[in-house]
Amino acid sequence: MGFPVVLGIESSCDETGAGLVSGGRLLGHALASSMDEHARFGGVVPEIAARAHVHALIPVVDSALERAGLRMPDIDAVAVTTGPGLSGALQVGLAGAKALAYALGVPLHGVHHLAGHVAVDTLEHGPLPVPCVVLIVSGGHTSLLLVRDLARDPIVHLGDTLDDAAGECFDKVARVFGLPYPGGPAIDRAARAGEPGAVTLPRPLSGPRDAPYAFSFSGLKTAAARWAEQHRVQGTPLPVADGAAALQEAVADVLTRKAVAACSAYGVGTLVVVGGVAANSRVRSLAEERCAAAGITLRVPPPALCTDNGAMIAAVGDLLVRAGAEAAPPDVSTDPSAPLRYALLHPAHSAPARAA
Ligand code: KG4
Ligand code: ZN
């Protein structure tokens, strides 16, 4: 008998994703995005995202099945993001996943979105070595983690951002620079024609007395915005490419320096860089350079799997199913601000608040 087939469903932000994974292998996945509908607002509008998930969910599941050459009855378990993310968006995914799981008579597993970002690397590079250091950099989170068995062990946070996430910094500065939403890919593209040394930007929390694995990006964001503002006040054209290159260099420098230092301090031989910002070309090249110099093995998922997708939720579901994880109770709920402790995330349906 082969491995069970796990359907993964992702709907925490503006991407509706479905993926099918079995025994660590990606069989097929599909994605729909409401990104274009948010572009004119300069950021994700939660109600628009939730409504788009309602429309996209079943077609996306059908496309993933078609690409995998499978049918509904082939699904042995369903995994779904139960947090963190936008409340309404998460609820649409969970409702759809519950309906599918109960109709098919298969177990449902609620999973932590960020654990999905970590697990997706196994689809490309095989099982994660134990332990490994994981740098997770997305639109809402930036953390350095010590990961052992992702399906069973608690995840140890070596450091987190004290304020903005790295992706948030890219998105907000891009807006000030007049670049389109989402800002990260726009900064990446603009930076190609720029000179990183042309603008001096700070390297926050990089001093000898600073917390070695904590991050801060809000001061960097402000410094980049001030630089842009000066040009506006002086009436000189904004050298966007140089600003983008300098910002990207500062973010990549701080992220990779701290990640490599964590590997060395903890005697860990493998660094895994995941999340939307891991798609950034400079984060990838600088991580490669520094890991090679320090004798550390670097693993980064292919760019298309770094940003939100359904394959990552299927990947973490597959690990959990093979580890014998318990199924979610029928009243499992969502937790929009769930901290990352375990890959499995089964928030209980909270009792209605009592009137004061
Ligand atoms: O992981 P993700 O798709 O969603 C969250 O869970 O947040 O990450 C989205 C973030 C956004 O901030 C986006 O601007 C950033 O990842 N991002 C990038 C690139 N591609 C996506 N940042 C820099 N360079 C990129 N190429
Ligand atoms: Zn994400």
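**A word on the overall build of the protein chain**
Working step 1: Of regular secondary structure, the protein chain possesses 11 helices and 10 strands.
Working step 2: For the protein chain, whose C-alpha radius of gyration is 20 Å, the value lies close to the compact-globule estimate of 21 Å for 356 residues.
Working step 3: Structurally, the protein chain occupies a C-alpha span of about 65 × 50 × 45 Å along its principal axes.
Working step 4: Looking at the protein chain as a whole, 51% of its 356 residues are labelled buried.
Working step 5: Excluding contacts between residues fewer than 6 apart, the proportion of contacts in the protein chain whose partners are at least 24 apart in sequence is 72%.
Working step 6: Averaging the coordinates of the 26 positive side-chain charges in the protein chain and doing the same for the 33 negative ones gives two points 4 Å apart.

**Description of the sheet that holds strand 3 (residues 25-33)**
Working step 1: Strand order in the open sheet made by the five strands is 3-2-1-4-5, with mixed pairing throughout. At either end of the open sheet lies a strand with only one pairing partner, and these are strand 3 and strand 5 (108-112). For this sheet, the mean angle separating the axes of adjacent strands, direction not counted, is 20°.
Working step 2: By the bridge criterion, six bridges tie strand 1 (residues 5-10) to strand 2 (residues 15-22) in an arrangement that is antiparallel. Residue pairing in the sheet places valine 5 in a bridge with serine 22 of strand 2.
Working step 3: Across the sheet, helix 11 (residues 310-322) touches strand 1, strand 2, strand 3, strand 4 (77-83) and strand 5, and the angle it forms with strand 1 is around 135°.

**Some details on the confidence of the model for the protein chain**
Working step 1: Within the protein chain, residue pLDDT values average 96, and 98% of them lie at 70 or more.
Working step 2: No element of the protein chain has a lower mean pLDDT than helix 1 (residues 35-39), at 90, and none a higher one than strand 1, at 99.

**Brief notes about the coordination of the zinc ion (ligand 2)**
Working step 1: Coordination of the zinc ion (ligand 2) by the protein involves His113 (NE2), His117 (NE2) and Asp308 (OD), with metal-donor separations of 2.0 to 2.1 Å.
Working step 2: As a motif over one chain, the donors of the zinc ion (ligand 2) read H-x3-H-x190-D. Linking histidine 113 in helix 4 (residues 113-125) with aspartate 308 in the loop between helix 10 (303-306) and helix 11, this pair joins segments that are 195 residues apart in sequence.

**Points about the packing of aromatic side chains**
Working step 1: With the rule as written, the count across this model stands at three aromatic pairs.
Working step 2: Note on tyrosine 213 and tyrosine 266: the rings are 6.1 Å apart at their centroids and 55° apart in plane angle, and the pair reads as tilted. With tyrosine 213 in the loop between helix 6 (183-191) and helix 7 (218-234) and tyrosine 266 in helix 8 (residues 240-266), this pair connects stretches of sequence that are 53 residues apart.
Working step 3: For tyrosine 213, a relative accessible area of 12% corresponds to the buried category.
Working step 4: Aromatic pair phenylalanine 215 and phenylalanine 217: ring centres 6.1 Å apart, planes at 10°, arrangement stacked.
Working step 5: With a relative accessible area of 0%, phenylalanine 217 lands in the buried category.
Working step 6: The side chain of arginine 322 reaches across the aromatic face of phenylalanine 3, ending 5.4 Å from its centre.

Rules used throughout
- Residues numbered from 1 in each chain as written.
- Chains lettered and ligands numbered in written order.
- Predicted model: local features only at pLDDT ≥ 70, side-chain atom pairs only at ≥ 80, totals over all residues.
- Heavy atoms only, no water.
- Helix = DSSP H or I, 4+ residues; strand = E, 2+ residues; numbered from the N terminus.
- Rg over C-alpha atoms; globule rule 2.2 N^0.38 Å.
- Buried < 20%, exposed > 50% of the residue type's maximum accessible area, 1.4 Å probe, protein only.
- Contact = heavy atoms within 4.5 Å.
- Lys, Arg positive; Asp, Glu negative; His and termini not counted.
- Charge placed at Lys NZ, Arg CZ, Asp CG, Glu CD.
- Pairing = 2+ DSSP bridges.
- Axes fitted to C-alpha atoms, helices over the stretch in contact; angles between N-to-C directions.
- pLDDT = per-residue confidence, 0-100.
- Donors = N, O, S within 2.8 Å, 3.2 Å for Na, K, Ca; no water.
- Phe/Tyr/Trp six-rings, centres within 6.5 Å; stacked < 30°, edge-to-face > 60°.
- Lys NZ or Arg CZ within 6 Å of the ring centre and 35° of its normal.

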